[in-house]
Amino acid sequence: MSDIESRVRRLEDRAALSDLAVRYFLASDFDDFDAIADAFAENGTFSAGGFPGATTGSGIANMIRQARTAFGTTIHTPHYVLIVFVDDDHATGLVGAHLEIATGGTTVFGAVRYEDEYVREGGRWKFASRNMRTVHLGPWDEVATSLTSDLPVRWPGAEPAPSDYAVRV
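What you see is a predicted model, and the numbers here were worked out from it, not measured in a lab. (Residues numbered from 1 in each chain as written. Predicted model: local features only at pLDDT ≥ 70, side-chain atom pairs only at ≥ 80, totals over all residues. Heavy atoms only, no water.)

Visitor: Outline helix H3 (residues 57-68), listing residues and values.
Guide: Helical periodicity: at 3.6 residues per turn, an α-helix aligns residues three or four positions apart in one direction. With 12 residues, H3 should cover 16 Å at 1.5 Å per step; its first-to-last C-alpha distance of 16 Å lies within 8% of that length. The set of residues buried in H3 consists of Gly-57, Ile-60, Ala-61, Met-63, Ile-64, Ala-67 and Arg-68. Projected down its long axis, H3 carries its buried residues within an arc of 160°, all on one side. (Helix = DSSP H or I, 4+ residues; strand = E, 2+ residues; numbered from the N terminus. Expected span 1.5 Å × (residues − 1). Buried < 20%, exposed > 50% of the residue type's maximum accessible area, 1.4 Å probe, protein only. Arc of directions from axis to C-beta.)

Rendered as structure tokens:
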């Protein structure tokens, strides 16, 4: 493969990985559990603070289906995708996003980062692992002070908790 061909392929891979992240968010917002399952590699994993982890596409889709029973409308808005290629068939990524979630009779808003590992499987990029890490989150009336507290994660009905990242107060 020529240098230009490898550079074009890398750009195509980068676009495919960005699309994978957006498709996952849209599938989550519209309860498309088949698309969620299909986004993960055969032995893919998902984890998030406050949620038990799951493995395999169908296991992850079922975990998200169960979590969604506590939520109304959700909006996942990606802001950036930072990708580092390990080799032609493996990459890591960091996806920054904001969430809006109807839950507990209110709307919560927050910032998260997904720490991802990707693998090319069957000619397509998929998530090998996805780890959702919370920066801050809370009901709209608490978001104004969430980043000025050492406990910026504020799910309705739960005790305030620390961020998965260091927060400078």
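Visitor: Just give me the short version of the nonpolar core, but keep the residues and values in it.
Guide: Within the largest apolar cluster, 33 residues are counted, with the highest numbers of intra-cluster contacts made by Leu-17, Tyr-24, Ile-36, Phe-40, Phe-46, Tyr-114 and Tyr-118. Of all the elements in the fold, those that place two or more residues in this core are helix H1 (3-29), helix H2 (33-38), strand E1 (40-48), H3, strand E3 (71-87), strand E4 (90-103), strand E5 (106-121) and strand E6 (124-139). Looking at this core element by element, the count peaks at 6 residues for H1. Residues in contact with Phe-46, not counting those within four places in the same chain, are Tyr-24, Phe-40, Gly-53, Ala-54, Ile-60, Met-63, Tyr-114, Arg-130 and Met-132. (Core = buried A, V, L, I, M, F, W, Y, C linked by side-chain atoms within 4.5 Å. Contact = heavy atoms within 4.5 Å.)

Visitor: I'd like a description of unusual backbone geometry, backed by residues and values.
Guide: Positive phi, close to 55°, is recorded for Asp-31, a residue that is not glycine. Of note, Asp-31 is situated in the loop between H1 and H2. Of note, the phi angle at Thr-56 is positive, near 65°, even though the residue is not glycine.

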